[in-house]
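Observations on the model geometry
Here are the chains, one letter per residue:
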Amino acid sequence: MSSAPPSSAAVAVAAPACHVHKFGGSSVADAARYRAVPPLIDDGASARLVVVSAMQGVTDALVELAAAARAGRALEPALSSLSQRHLDAAAELDPDGRHRVAQALRRELAALHAQLDRLVVGRWPEEQAQRIAAALPGLGEVLSSYLMHAALGGDAAGWQRLDAREVLVVHPGEMGVAVDWDASRARLRDWRARHPGDRIVVTGYVARDADGEATTLGRNGSDYSAAIFAHLFDADALTIWTDVDGVLSADPRLVPDAVCLPSMSYAEACELAYFGAKVLHPQTLAPVQQRGIPLRIRNARNPQAPGTLISTTPSADGAPVKGLSLVHDLAVLELIGNGMVGVPGTAERLFGALRGAGVSVTMISQGSSEHSICCVVRADQAQRGREAIVAAFADAMADGQAQEVSVTPDVCVLAAVGDGMVGTPGVAARLLGGLAQARVNVRAIAQGAGERNISVAIGARDATRALRAAHSAFWLSPQCVSVGLIGPGKVGRALLAQLAAAQPRFEHDSRLELRLRAIADSRRMQLSAKAMPPQDAVATLESGEALDLERFAAHVRAEHLPHALIVDCSGSDAVAAYYPQWLAAGIHVVTPNKQAGAGPLARYEAIRAATRNGGGKFRYEATVGAGLPVIQTLRSLLDTGDELTEVEGILSGTLAWLFNRYDGSAAFSELVREAHRLGYTEPDPRDDLSGTDVARKLVILAREAGRPLSLEQVDVESLVPDALRTVSKDEFMARLDELDAPLKQRFDAARAAGLGLRYLARLDRDGRASVGVVSPPPGHASMHGALTDNLIQFRTRRYADNPLVVQGPGAGPDVTAAGVFGDILSIAQTLGARA
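Here is what the cut-offs are and how they apply
- Residues numbered from 1 in each chain as written.
- Predicted model: local features only at pLDDT ≥ 70, side-chain atom pairs only at ≥ 80, totals over all residues.
- Heavy atoms only, no water.
- Helix = DSSP H or I, 4+ residues; strand = E, 2+ residues; numbered from the N terminus.
- Rg over C-alpha atoms; globule rule 2.2 N^0.38 Å.
- Buried < 20%, exposed > 50% of the residue type's maximum accessible area, 1.4 Å probe, protein only.
- Areas by Shrake-Rupley, 256 points an atom, 1.4 Å probe, with all protein chains shown as cover.
- Expected span 1.5 Å × (residues − 1).
- Pairing = 2+ DSSP bridges.
- Contact = heavy atoms within 4.5 Å.
- Axes fitted to C-alpha atoms, helices over the stretch in contact; angles between N-to-C directions.
- Parallel < 35°, antiparallel > 145°, perpendicular 65-115°, else oblique.
- Left-handed = near helix turned anticlockwise from the far one by under 90°.
- Nonpolar A, V, L, I, M, F, W, Y, C, P; charged D, E, K, R; others polar.
- Core = buried A, V, L, I, M, F, W, Y, C linked by side-chain atoms within 4.5 Å.
- Arc of directions from axis to C-beta.
- Phe/Tyr/Trp six-rings, centres within 6.5 Å; stacked < 30°, edge-to-face > 60°.
- Lys NZ or Arg CZ within 6 Å of the ring centre and 35° of its normal.
- Polar contact = N/O pair within 3.5 Å; in protein donor to acceptor, adjacent residues only side chain to side chain.
- Salt bridge = Lys/Arg side-chain N within 4 Å of Asp/Glu carboxyl O.

Across its full length, the chain carries 30 helices and 31 strands. For the chain, the C-alpha radius of gyration of 37 Å lies well beyond 28 Å, the compact-globule estimate for 835 residues. Judged by the C-alpha coordinates and their principal axes, the chain covers about 120 × 75 × 55 Å. Evaluated residue by residue, the chain yields a buried proportion of 52% over its 835 residues. For the chain, the computed accessible surface area is about 35100 Å², with 51% contributed by carbon and sulfur atoms.

See the structure below:
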């Protein structure tokens, strides 16, 4: 028979001459599922084998029955329940008894009862009792084989039963149960001589040892059985039918976005199986790999899905990493010693000690300095391993050559696997960079020379976050950012609308998921375990709970999600006070709130320190100029070595509109009332007219340039007369006319000199900062702005004579929200989202 692997295309390939199908326990849990098997195996193959597992839960029940018998406990009602379950299935599959399934099952169940009686303490020598107890769990496959035989039509349809104990001979080995291939082939030849048919139901999991005693292949051994019989029959294909669509890129319980892999090589599958991919037994691949037999994992409940093809040929999808897996319940053992440097045999002595203590090593790591060597072991073996190492190095520790043997508990190993890693630069950097962005500390790292696997030891509490971060780092799933929004006012609502419109495009094009999980106003908050639709988020506040910013941040910084971001659109000084704490905890912060950038200098410095010390990222472009790239432009000048000498400009869209419109033909108060009606001012126009908001923006720019300016140091000219500063808003609006005379006088004087009026902010080369009404010369850029335009001039060493100007709309919810959104996307790109 040919052993060339078929094409990886889903269908349209020649039917195999011999095809082995294996059905798992959960796929054959009752009679209905047995009846579902015939169409699944109708693939046109001239010879077909069906390897079966026990019904779901039966193996565990048999193990418990064996333990109960040995302990002298009652076997009922468990034994009757197990018997009745199989007899009920037989009644459905063989209602007229023509396949004699019930008789066969009763015979096997009677033998089970007899075996259990023999297990009672004292009736057999201990060694014999242990062998019987070890073989009993395999009876579930034997019972299942009779049911499958009947479901396929039995003898009348040309199907035969092969009890693997008649053919398969195994022996224990250091790497697990090993097949005696010569003896098994000889027995198969004898069996085939007596049973020449080409449709065979095979019992999985069971075998005999060299002494002829019944035994099993170990837990999940039915997959191994299927691979062994595919090898023995020289099959062209093996399909393992499960309850999942194939091999996934990660555990879907931890990474909901895990994808089904269409194909992978034997080497990739071996690595993932070793590191805990539940769909494959680690030993399954060796027999089919030896003969180049393609193996496909498919879903019996979703047979339309093509599944995952595992074969000799690596996939050509270009992805460096195919899948990721976690191994839990581990610990790190580390031997530290100054005297080990350059001493041959240290590793041999350490691992020899662990072998002697029966400790399994999952991962090994040693730095080139040889000062220490560590390994990752099962947590329940860690203390035993430590004691063995201490004993082995007792002389070295007494002499001071070795100082310590430490145990670090609560460790997981995260493994990244893929043939595409071989010879590809930057794979380790992307993995470690993704973990660093998610604030996951790596305790140890290992990579073999084959380059198909990079393994890192991490803290157990970081495991889920690390897995999701790595999965996103290799673009196997969208980069997920947990988002909380504070302040659903005009800007906040505009941002939610923009987010709702952009989300589908981001998830498809940029592989980015901005998952809104929390929203808060000044009084209430709503926390959600699942993603909130942005368009519905504000309405959920009606059923929210009292605002608690500590709980809000803790919820956004979910341990199972790799990245967290809080967007503060509130304008609250109390919220800004939390920024240093949030940033230090690794939460990214984006805001148009000027309280942080222009508030107390000590807090500003704490924010900067948190970002410098590996905390979250802080973005605040929208604090100056709304959506204009003001801070970005200044930052670019400074980062490229330029030196700021002066800043001057219009930093208020409201005041820009007022002074662009003020030409003496209408009173200034009338323009203020019109701007208020149009929504250009704050609800209380004094917030704009006082100049404080402009001063805050100037402080932010000064601090960005490295000048420790405080708001109190800015010379601010308020347009609000002293008499109107403390009255109610309604009274202020009624007395707006009191603004007119002083401004009219200044306007007339400026016009007489051929000038106009503008409200400008200025920071000079000596650090003096001022905000107020001035009369710029006619050629000044501020005299040629459009209505609500902000305009900022940067004079630098490079732009000394002709300043660099940033100009455009600097007010309004939509443009401000766009500036905030731009900052969010800037952070997302640094986290690994595609541009």
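Back to the text.
What follows deals with helix H9 (residues 221–232). In a regular helix each residue adds 1.5 Å, so twelve residues correspond to 16 Å; H9 covers 16 Å between its end C-alpha atoms and thus fits that length. Taking burial as the measure, the twelve residues of H9 include twelve buried ones, the bulk of the element. In the stretch just after H9, Asp 234 is the one whose phi turns positive, near 55 degrees.

The next thing to look at is the pairing of strand S30 (residues 789–796). Burial analysis of S30 places seven of its eight residues in the buried class, the great majority of the element. Pairing of strand S26 (residues 644–650) with S30, which is carried by six bridges, proceeds in the antiparallel orientation. In the strand pairing of S30, Val 647 is matched with Phe 794. Looking at chain direction, S30 and strand S31 (residues 804–809) are connected through six bridges and run antiparallel. Looking at the pairing, Gln 793 lines up with Val 805 of S31.

Moving on to the sheet that holds strand S21 (residues 524–527). In spatial order, the strands read S22-S21-S20-S19-S23-S24-S25; together these seven strands make up an open sheet with mixed pairing. Bordering the open sheet on either side are strand S22 (545–546) and strand S25 (618–619), each of which pairs with just one other strand.

The subject of this paragraph is the sheet that holds S26. Taken in spatial order, the six strands line up as S27-S29-S28-S26-S30-S31 in an open sheet, and their pairing is mixed. Since the sheet does not close on itself, it has two edges, and those belong to strand S27 (715–716) and S31, each with one partner. Contacts between helix H27 (residues 692–704) and the sheet are confined to S26, S27, strand S28 (758–763), strand S29 (769–774) and S30, with S28 contributing the most and set at about 30 degrees to the helix.

A separate point is the packing of helix H17 (residues 490–510) against helix H30 (residues 813–830). One can describe the packing of H17 onto H30 by two numbers: an axis separation of 8 Å at closest approach and a directional angle of 50 degrees. Classified by the angle between their axes, H17 and H30 sit oblique to one another. Judged by the twist between their axes, the crossing of H17 over H30 is right-handed. Counted together, Lys 490, Val 491, Ala 494, Leu 495, Gln 498, Leu 499, Ala 502 and Phe 506 of H17 and Pro 813, Asp 814, Thr 816, Ala 817, Ala 818, Val 820, Phe 821, Ile 824 and Leu 825 of H30 form the full contact between these two elements. Of the residues assigned to the contact of H17 with H30, the class counts are 13 nonpolar, two polar and two charged.

Our focus in this paragraph is the nonpolar core. Generally speaking, nonpolar side chains in soluble globular proteins are found buried as a group. Judged by nonpolar contacts, the single largest core of 74 residues is most densely connected at Tyr 579, Trp 582, Phe 668 and Leu 689. Here the element with the most residues in this core is H27; it accounts for seven residues. Leaving out residues up to four positions away in the same chain, Leu 689 has contacts with Leu 655, Leu 658, Phe 668, Val 672, Ser 718, Leu 719, Val 720, Phe 732 and Leu 739. One finds Leu 82, Leu 93, Leu 109 and Leu 147 within the second-largest nonpolar core, a separate group that totals 47 residues.

Within the sequence span of helix H12 (residues 346–356), burial applies to Thr 346, Leu 350, Ala 353 and Leu 354. Along the long axis of H12, the arc covered by the buried residues comes to 100 degrees, so they all point the same way. More than 90 degrees from the buried face of H12, the exposed residues found are Glu 348, Arg 355 and Gly 356. Buried-residue contacts for H12 involve strand S13 (323–336), strand S14 (361–366), strand S15 (372–378) and helix H13 (382–392). Positive phi shows up at Gly 358, right after H12, with a value of about 70 degrees.

Turning next to the packing of aromatic side chains. Applying the stated rule across the entire model yields eleven aromatic pairs. Centroid distance Tyr 578 to Trp 582: 5.6 Å. Interplanar angle 25 degrees. Geometry classified as stacked. Given the relative accessible area of 22%, Tyr 578 is considered partly exposed. Here the aromatic cluster, defined as three or more aromatic residues joined through ring pairs, consists of Tyr 578, Tyr 579, Trp 582, Phe 618 and Tyr 620. If you follow Arg 161 out to its NZ or CZ, it ends over the ring of Tyr 146, 3.8 Å from the centre.

Let us look at the side chain of Glu 646. Within the fold, Glu 646 resides in strand S26. Judged by its relative accessible area of 15%, Glu 646 is buried. A distance of 2.8 Å separates a polar atom in the side chain of Glu 646 from a polar atom in the side chain of Arg 762. Setting aside chain neighbours within four positions, we find Glu 646 in contact with Arg 762, Leu 763, Asp 764, Gln 793, Phe 794 and Arg 795.

Right, let's talk about the side chain of Ser 372 for a bit. Relative to the assigned elements, Ser 372 resides in strand S15. There is a polar contact of 3.3 Å between the side chain of Ser 372 and the side chain of Glu 334. Look past the residues within four positions of Ser 372 in its chain and what remains in contact with it is Glu 334, Leu 335, Ile 336, Met 340, Gln 366 and Gly 367.

The subject of this paragraph is the pattern of salt bridges. In the structure shown here, the tally under the stated rule is 40 salt bridges. Close ionic contact of Asp 223 with Lys 22 constitutes a salt bridge, the shortest N to O distance being 2.8 Å. Of this pair, Asp 223 sits in helix H9 while Lys 22 is found in strand S1 (residues 18–23), placing the two residues 201 residues apart along the sequence. The same class applies to Asp 223 as to Lys 22, namely buried. Measuring nitrogen to oxygen at the nearest pair gives 3.0 Å for the salt bridge that ties Asp 764 to Arg 768. Here Arg 768 falls in the exposed class, since its relative accessible area comes to 54%. One continuous salt-bridge network, built from bridges that share partners, spans Arg 608, Arg 635, Asp 639 and Glu 704.

Inspection of the secondary structure puts Gly 484 in strand S19 (residues 479–486). With relative accessibility at 0%, the residue Gly 484 sits in the buried group. As for Gly 484 and Ala 520, which are separated by 36 residues in sequence, their C-alpha atoms are 8.1 Å apart. Those residues in contact with Gly 484 that lie beyond four places of it in its chain are Ala 518, Phe 552, Val 556, Leu 565, Ile 566 and Val 567.

So, on to the environment of Arg 725. Structurally, Arg 725 can be placed in the loop between S27 and helix H28 (729–734). C-alpha of Arg 725 to C-alpha of Leu 791: the two residues are 66 residues apart in sequence and 28 Å apart in space. Non-local contacts of Arg 725, meaning those with residues more than four positions away in its chain, are made with Arg 686, Ser 718 and Val 720. At a separation of 2.9 Å, a polar atom in the side chain of Arg 725 contacts the main-chain carbonyl oxygen of Val 720.

With that settled, the discussion passes to unusual backbone geometry. Note the cis peptide between Glu 76 and Pro 77, where omega equals 5 degrees. In this structure, Arg 439 takes a positive phi of about 60 degrees despite not being glycine. Mapped onto the elements, Arg 439 comes out in the loop between helix H15 (427–437) and strand S17 (442–447).

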